[in-house]
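Fold and geometry: a report
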Amino acid sequence: MWIAFMLLCTGTSALTCEVRAKTEATFLTEEACAQEAMVVARYFQQQGYLAVPQCINIKMGVSL
C-alpha cells in the first residue's frame, strides 16, 4: 500500500513549508501513487508553490 505526500512551500524559507498527505485513499502500486502525486504537484506549481511529491510504501502488520 502506498500513500502520497506533498511538500508545499510558498517561499524559499523552510518556515513557509508544510507537508500534506492524501489520507482519503491509498494506492496499490508506486506507479499509481506517483502519477497522481505528479498531477497534484503540477497544479500547485502552476499556482506558484514549490511542490515536491513523494510516495511512501506503508507496510501493514509491521510494528514500529
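Below: a short report on this structure. (Residues numbered from 1 in each chain as written. Predicted model: local features only at pLDDT ≥ 70, side-chain atom pairs only at ≥ 80, totals over all residues. Heavy atoms only, no water.)

So, the pattern of salt bridges
Definition in use: We define a salt bridge as a contact between a side-chain nitrogen of Lys or Arg and a carboxyl oxygen of Asp or Glu at a distance within 4 Å. Three exposure classes are used, based on accessible area relative to the maximum for each residue type with a 1.4 Å probe and protein chains only: buried under 20%, partly exposed in between, and exposed over 50%. By the criteria applied, helices consist of DSSP H or I runs no shorter than four residues and strands consist of E runs no shorter than two, each listed in order from the N terminus.
Enumeration over the complete set of coordinates arrives at two salt bridges. Here Glu18 ties to Arg20 by a salt bridge, and the two come within 2.6 Å at their closest N and O atoms. Judged by its relative accessible area of 38%, Glu18 falls in the partly exposed class. A residue is classified by how much of its surface remains accessible, and Arg20, at 46% relative accessible area, is partly exposed. In this structure, the salt-bridge partner of Glu36 is Lys22, at a minimum N-O distance of 2.4 Å. Here the residue Glu36 occupies a position in helix 1 (residues 30-46), and Lys22 occupies one in the loop between strand 2 (17-21) and helix 1, the gap between them amounting to 14 residues. Here Lys22 falls in the partly exposed class, since its relative accessible area comes to 23%.

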